[in-house]
Amino acid sequence: MKIKVLKDILSANEQIAQANRHLLNSKGVFAVNLMSSPGAGKTSLILETIKALKSKVKIGVIEGDVSSSLDAALIGKEDVPVVQINTGGECHLDANMVSNAISNMPLQDIELLFIENVGNLICPAEFTLGEHKKILISSIPEGDDKPFKYPLMFNKADAVLINKIDLLPYLKFDIQAFSQAVKGINGKAEIFQISCVTKQGIQEWTSWLLTKMSRK
Ligand SMILES: Nc1nc2c(ncn2[C@@H]2O[C@H](COP(=O)(O)OP(=O)(O)O)[C@@H](O)[C@H]2O)c(=O)[nH]1
Ligand SMILES: [Mg+2]
């Protein structure tokens, strides 16, 4: 019985996600669902990507958090359209929340939409939002064993960004073992080593993103 309820929820979510994608496609918006544990660097990556691409691409942001509008306030300083979703306790965004958010966004003025999911390596993997790409950020202080512990999240990602690479000299993290583990779970995911502090890898990441946008 419980399993049937879960199935119904997921298929209802799937239907709304498809409607979201249809709307985004009709407006020419490329949407990226950014997922990670809390503090891995989702907001930092959005800020760095805005700085790198602002002159080329019109960017909008949906911020998802259990509570607060701190991240939306930070992004708002960059003068891009931003909407905050507070899930009020839910550990992930769902398609309906995103549907409400995009109905409050000037989609005609947006070409690239970042959706910062709630910091969590489990639940967001289960809920598609209507995005075109799922991006997973995993950061050096979290350790190199995360692909083994949260395989579904790694399996669903179109790209895995290893953030805080500037901290590599100070922490035990085997990049090769991590990358091998990711490839074992998901042979298709692109892997980037980045730092939002030193900007290492940001150019490679934004080039990849632009290529994906043009092939939408
Ligand atoms: N050393 C280092 N710190 C970073 C980097 N990226 C983000 N941070 C820091 O990590 C913390 C969490 O970043 P934030 O972007 O808010 O993570 P979020 O919770 O995933 O959105 C902040 O103190 C950032 O300044 C990085 O590349 N290197
Ligand atoms: Mg954040």
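Fair warning: this is a prediction, and the values are worked out from it, not measured in the lab.

## Quick look at the overall build of the protein chain
Phase 1 of the analysis: For the protein chain, the count of helices and strands is eight helices and seven strands.
Phase 2 of the analysis: For the protein chain, the C-alpha radius of gyration of 17 Å lies close to 17 Å, the compact-globule estimate for 216 residues.
Phase 3 of the analysis: Referenced to the eigenvectors of the C-alpha coordinate spread, the extents of the protein chain come out at roughly 50 × 45 × 35 Å.
Phase 4 of the analysis: Burial statistics for the protein chain: of 216 residues in total, 40% are counted as buried.
Phase 5 of the analysis: A sequence separation of at least 24 residues applies to 75% of the contacts in the protein chain between residues at least 6 apart.

## Describing the site of ligand 1
Phase 1 of the analysis: The immediate surroundings of ligand 1 are formed by 16 residues, with G41, K42, T43, S44 and C196 found nearest.
Phase 2 of the analysis: Among the elements that make up the shell around ligand 1, the one with the highest residue count is helix α2 (residues 42-53) (three residues).
Phase 3 of the analysis: Split by residue class, the shell around ligand 1 holds five nonpolar, eight polar and three charged.

## Let's talk about the pairing of strand β7 (residues 190-193)
Phase 1 of the analysis: Looking at chain direction, strand β6 (residues 159-163) and β7 are connected through four bridges and run parallel. By the bridge assignment, I162 is partnered in β7 with Q193.
Phase 2 of the analysis: Assessed by its sense of winding, the connection that carries the chain from β6 through helix α7 (residues 175-185) to β7 is right-handed.

## Considering the sheet that holds strand β1 (residues 30-36)
Phase 1 of the analysis: As summarised here, the arrangement of the seven strands in space is β3-β2-β4-β1-β5-β6-β7, forming an open sheet in which the pairing is parallel. Each edge of the open sheet carries a strand with a single partner, namely β3 (82-86) and β7. The mean inter-strand angle of the sheet, taken between neighbouring strand axes irrespective of direction, is 20°.
Phase 2 of the analysis: When strand β2 (residues 59-65) meets strand β4 (residues 112-116), the two strands line up parallel, connected through five bridges. What sits directly across from I59, in β4, is L112.
Phase 3 of the analysis: Across the face of the sheet, helix α8 (residues 202-214) comes into contact with β1, β4, β5 (133-139), β6 and β7 while running at roughly 150° to β7.

## Focus on the environment of G187
Phase 1 of the analysis: Looking at the secondary structure, you find G187 in the loop between α7 and β7.
Phase 2 of the analysis: Separated by 29 residues in sequence, G187 and D158 have C-alpha atoms that sit 9.9 Å apart.

## Notes on the pairing of β4
Phase 1 of the analysis: Of all five residues in β4, five are buried, a share of seventy percent or more.
Phase 2 of the analysis: Side chains L112, F114 and E116 of β4 all project onto a buried face; the interleaved residues L113 and I115 project onto the opposite face, where all are buried too.
Phase 3 of the analysis: In terms of strand pairing, β1 meets β4 through five bridges, oriented parallel. Opposite L34, over in β4, you have E116 as the bridge partner.

## Observations concerning the environment of F154
Phase 1 of the analysis: Mapped onto the elements of the fold, F154 is located in helix α6 (residues 151-156).
Phase 2 of the analysis: Taking the C-alpha atoms as reference points, F154 and G184, separated by 30 residues in sequence, lie 10.0 Å from one another.
Phase 3 of the analysis: Excluding anything up to four places from it in sequence, F154 contacts L136, P147, V160, V182, I185 and N186.

## Some details on helix α4 (residues 95-102)
Phase 1 of the analysis: The complete set of buried residues in α4 reads A95, M97, V98, A101 and I102. Projected down its long axis, α4 carries its buried residues within an arc of 155°, all on one side.

## So, the environment of D65
Phase 1 of the analysis: Tracing the sequence through the fold places D65 in strand β2.
Phase 2 of the analysis: Look past the residues within four positions of D65 in its chain and what remains in contact with it is D71, N86 and V118.

## Points about unusual backbone geometry
Phase 1 of the analysis: A positive phi angle is found at K164, which is not glycine, with a value near 65°.
Phase 2 of the analysis: Topologically, K164 is positioned in the loop between β6 and α7.
Phase 3 of the analysis: If you check the backbone angles, K199 has positive phi at about 75° while not being a glycine.
Phase 4 of the analysis: Within the secondary structure layout, K199 lies in the loop between β7 and α8.

The rules behind these values
- Residues numbered from 1 in each chain as written.
- Chains lettered and ligands numbered in written order.
- Predicted model: local features only at pLDDT ≥ 70, side-chain atom pairs only at ≥ 80, totals over all residues.
- Helix = DSSP H or I, 4+ residues; strand = E, 2+ residues; numbered from the N terminus.
- Rg over C-alpha atoms; globule rule 2.2 N^0.38 Å.
- Buried ≥ 20, exposed ≤ 12 C-beta atoms within 10 Å, placed from the backbone.
- Contact = placed C-beta atoms within 7 Å.
- Near = placed C-beta within 6 Å.
- Nonpolar A, V, L, I, M, F, W, Y, C, P; charged D, E, K, R; others polar.
- Pairing = 2+ DSSP bridges.
- Right-handed = clockwise from strand over helix to strand, strands pointing away.
- Axes fitted to C-alpha atoms, helices over the stretch in contact; angles between N-to-C directions.
- Arc of directions from axis to C-beta.

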